[in-house]
Amino acid sequence: MTSLDLTRRRFLINTGWTAVGITALSACSSIMPVLPTQNEPELGDGYAWVQLLPGGQARFFAPRMEMGQGASIGLTQVVAEEMNLAASSVACIAPATSQVPAFKMTAGSEGIDEFFGPVSHAAANLREHLRRLAALKFNINSAGIADETGGFRIKGGKFVSYGELAPVDGKIISVSENEGEDQPRRYALERRGRHKSIGSTEPDPNLAHMVTGKAQFSRDASLPGMAFGGSLMPPVSGAELKNADAAAAGSMPGVIKVVIEPSHNLAGIVAKTPHQMRAALGAIKPEWHLPENITDNPGDRIRDFWSQIPRDFEHDLISDGDVDDLSETSITGSGQFETSFQSHAAMEPRAGLAWVRDEKVEVWCGTQAPFFIQRRIAQILGRDEDDVILHPMRMGGGFGGRVLCQPAETAALLSRAAKRPVKVQWTREDEFRGNYFQPPYFHKIDAAVFEDGSISRWRHDFASAPIFFGIDAIPKIARPILDRLADEGTARGATPPYRAANKLVRYSDIRLPVSTGAWRGLGAAPNSFAIESIMDQLARNAGIDPIQFRIKNLETQHIRLAQVMRKAGDMAGWGRRMPTGSGLGMAAAVYKEKTYVAVVAEVTINHSGKTIEVPRVWCAQDCGLIVNPGFVEQQIIGNVVWGVGLALTEEVLFSGGAAETDNFDGYEIVRQKNAPYVKTALIEPEGAPPVGAGEPAIAPTPAAIANAIFAASAKRVRKLPVRYDALFGST
């Protein structure tokens, strides 16, 4: 028996295949490779994700981690479409790291965009393999075998179910078996207007369990003999543990183990109950080495750079023409814009359960990057990667903030020391203080238009912090090298979709003394806020309708943006007379150069209550083929509501270099009573492939609100979040 055969046998066992069924694998790569989680999926990767179970049901190992965005459900519908099954007949599983090859981390609205193709391809190949098995079984030509739900119809009218075709010995199909065969028809692409599963609003099958409290999240994970662990959080980011006096803690009731490991910045407790653990943690007297030059606000590094004249920017994003040429332009628009630190503010504080044994390490946690966490825990423990099995669990919100799972790493160290399973649960305060942040942004745009309304000059300078390279997980030794690179996350959305005769966009990404990282849409919302505010200003200065001005100046490759702008305007009744103190504002964006979205916001200035209110928002989005319209609409609404928070309320404040805002009493997400009515429209151009839908609508929403505030008050918003007092004074 070859080593590949042995590896395949292990694959069948790890995925629960002890007897029967069919799965497909690529023969051109190892079954269990550990690959960087940012690798783009290839067409053949989907073969490891789709299986046929006994009885004709399909099993789908979803390569997307679920946190409410619905990508796993949409991809399940793709499997169902290709295999002529009801979506309810496809069992969707969140695979452990031992069950499938490594896949790209879940981020960037990539679930449908990048994984539709591999999943469709694999499911179609499995369907056609079953068709060939039917042909062999009945000694007929496969061309005479027609599709039916859950199987085939052969000549003479006999129905053959997939279950009848499944072998009894757990067969693996490799890609090489399909070489020389015609590529299968891809129903997911061909059945436009005739889809059976794609295009329908399949609900989340776990919805009832989430409402009734039966759904299992990481904090619900439990094992026999489990203890509870916790560790002291550094007083500020970058603080290093020198030593700790834990004598008193070790003698407290219920304490099983005191763990002091300065090499891992760990001063921890393992106890019988969470209350005993927290009491003992409070008795530890740590000695920290604090970083130098701590300031109250970590964003001061960006502000200090911004105050320099001239500024020496690190990266040129666009440099086309001469932006210093002021001839033939008399209509101008300029301004400086600023956004604040933001938190992910997910409803579920993260947790991790680890059981470290001699033969293997098992971890249960919610993360957007299970293979990344697997490798990190292996490295922390000094174990082989194959020794570590991570069981991913559903997340109660992620928004880019669950790439790391710090409690799982702490749990692994504590479990190793205590020699038993240990669960670590972060508090709400830990969640706000201990995770990475969306960094502040500073912008300045100088622009001008010709007399005919076309943009003559566009000069956009901005500064923020690294997003892809800003998290604490980046080794210190690598940071100076990465700091030389242009962080694309920081610059997301900074390329305007509009033509300009002369254009310069440049920026700096300045590492801060706190961890900064991915947050919903990365830089798209802060960058769109500045761009779309200036577009509104230019349009009004030129005396041109803001929607028509944008359409007139669209780049040719982004002409699809015109349709969503017109649609959003039509829904909102753009151009209608508004009551005094109310206004409509428009903003648009192209997310990742693929998804087209436009928002019209209605704002009312309540002078008696000294509030800025957003009663209604209209959003049109073109994300190509719509797999599950219900989930897309839900994502749009969620993005819009978050955009309202970014515009009006959400801000992390710091004191002494540490986050002072550490719970929902200070971090003001939009409450239901203040949430706008949101009307959506989905534009689905003929032949357009599916692209990302999870984040695009947040990009233009704050800008649309800011532009509506100007329409209602003639006051231009320069800083987010915007407060009533900042615009109109406190009296």
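Going by the structure above, here's the rest.
Here the structure is a predicted model, which means the values were calculated and not measured.

Parameters and conventions
- Residues numbered from 1 in each chain as written.
- Predicted model: local features only at pLDDT ≥ 70, side-chain atom pairs only at ≥ 80, totals over all residues.
- Heavy atoms only, no water.
- 1 Å grid on protein atoms, 1.4 Å probe; cavity = no way out; pocket = protein on both sides within 12 Å on 5 of 7 lines; lining within 4 Å.
- Points joined across faces, edges and corners; volume = space filled by probe spheres on them.
- Helix = DSSP H or I, 4+ residues; strand = E, 2+ residues; numbered from the N terminus.
- Nonpolar A, V, L, I, M, F, W, Y, C, P; charged D, E, K, R; others polar.
- Phe/Tyr/Trp six-rings, centres within 6.5 Å; stacked < 30°, edge-to-face > 60°.
- Buried < 20%, exposed > 50% of the residue type's maximum accessible area, 1.4 Å probe, protein only.
- Lys NZ or Arg CZ within 6 Å of the ring centre and 35° of its normal.
- Salt bridge = Lys/Arg side-chain N within 4 Å of Asp/Glu carboxyl O.
- Pairing = 2+ DSSP bridges.
- Axes fitted to C-alpha atoms, helices over the stretch in contact; angles between N-to-C directions.
- Contact = heavy atoms within 4.5 Å.
- Polar contact = N/O pair within 3.5 Å; in protein donor to acceptor, adjacent residues only side chain to side chain.

1. Comments concerning the layout of surface pockets
Okay, so step 1: Of the voids in this model, the second largest pocket is the one considered here, and its volume is about 710 Å³.
Okay, so step 2: For the second largest pocket, the lining is made up of 27 residues, of which C92, D204, P205, N206 and R394 are closest to its centre.
Okay, so step 3: Listed by contribution, the elements that provide at least two residues to the lining of the second largest pocket are α2 (71-83), β4 (90-93) and β18 (388-392).
Okay, so step 4: Among the elements that take part in the lining of the second largest pocket, α2 stands out by supplying 4 residues, more than any other.
Okay, so step 5: For the lining of the second largest pocket, the per-class residue count stands at 13 nonpolar, 8 polar and 6 charged.

2. What about the packing of aromatic side chains?
Within a pair of aromatic rings, the relevant descriptors are the distance that separates the centres and the angle that separates the planes.
Okay, so step 1: On inspection of all chains with the given rule, the structure shows 17 aromatic pairs.
Okay, so step 2: Pairing W306 with F442 gives two aromatic rings, centres 6.2 Å apart and planes at 40 degrees, and the pair type is tilted. Separated by 136 residues along the polypeptide, W306 in helix α9 (residues 300-306) and F442 in strand β20 (residues 441-449) bring together distant segments of the chain.
Okay, so step 3: On the basis of relative accessible area, W306 is assigned to the buried category, the value being 8%.
Okay, so step 4: Ring geometry for F432 and F664: centres 5.7 Å apart, planes at 85 degrees, overall edge-to-face. On the criterion of sequence distance, the pair formed by F432 in helix α12 (residues 428-434) and F664 in the loop between β27 (658-659) and β28 (677-683) is long-range, its members being 232 residues apart. In this pair, the class of F432 matches that of F664, namely buried.
Okay, so step 5: Here the aromatic residues F305, W306, F313 and F442 are joined through ring pairs into a cluster of three or more.
Okay, so step 6: Sitting over the ring of W306, R311 keeps its end group 3.9 Å from the ring centre.
Okay, so step 7: In this structure, R357 is placed above the aromatic ring of W355, and the distance from its NZ or CZ to the ring centre is 3.7 Å.

3. Thoughts on the pattern of salt bridges
Okay, so step 1: Under the definition given, this model contains 35 salt bridges.
Okay, so step 2: With a closest N to O distance of 2.9 Å, R185 and E190 form a salt bridge.
Okay, so step 3: Assessed through its relative accessible area of 35%, E190 is described here as partly exposed.
Okay, so step 4: Three or more residues are tied together by salt bridges with common partners; here these are E40, K104, E110, E114 and K592.

4. Let's talk about unusual backbone geometry
Okay, so step 1: Backbone torsion omega between I309 and P310 reads -5 degrees, so that peptide bond is classified as cis.
Okay, so step 2: Within the secondary structure, P310 is located in the loop between α9 and β14 (315-320).
Okay, so step 3: In this structure, P721 follows L720 across a cis peptide bond, with omega equal to 0 degrees.
Okay, so step 4: Along the chain, P721 turns up in the loop between α18 (701-713) and α19 (724-728).
Okay, so step 5: Here the phi dihedral of N265 falls at roughly 55 degrees; this positive angle occurs in a residue that is not glycine.
Okay, so step 6: Relative to the helices and strands, N265 resides in the loop between β11 (255-261) and β12 (266-271).
Okay, so step 7: For E593, which is not a glycine, the phi torsion comes out positive at approximately 60 degrees.
Okay, so step 8: Accessibility expressed as a relative area gives 43% for E593, which makes it partly exposed.

5. Overview of the sheet that holds strand β23 (residues 582-591)
Okay, so step 1: Pairing within the open sheet is mixed, and its 4 strands lie in the order β23-β24-β25-β28. Strands at the two margins of the open sheet, each flanked by one partner only, are β23 and β28. Mean inter-strand twist for the sheet, computed between neighbouring axes without regard to direction, equals 15 degrees.
Okay, so step 2: For strand β24 (residues 595-606) and strand β25 (residues 611-622), the ladder comprises 10 bridges, and the chain directions are antiparallel. Residue pairing across strands places T604 opposite E613, the latter belonging to β25.
Okay, so step 3: Running over the sheet, helix α17 (residues 629-648) touches β25 and β28 and is turned about 130 degrees from β28.
Okay, so step 4: Together, β23, β24 and β25 form the strand contacts of α18, whose direction differs from that of β23 by roughly 155 degrees.

6. Examining the side chain of E114
Okay, so step 1: Relative to the elements of secondary structure, E114 occurs in helix α3 (residues 111-138).
Okay, so step 2: Within the structure, the side chain of E114 is placed 3.2 Å from the side chain of K104, a separation counted as a polar contact.
Okay, so step 3: Filtering out sequence-adjacent residues up to four positions away, E114 remains in contact with E40, P41 and K104.

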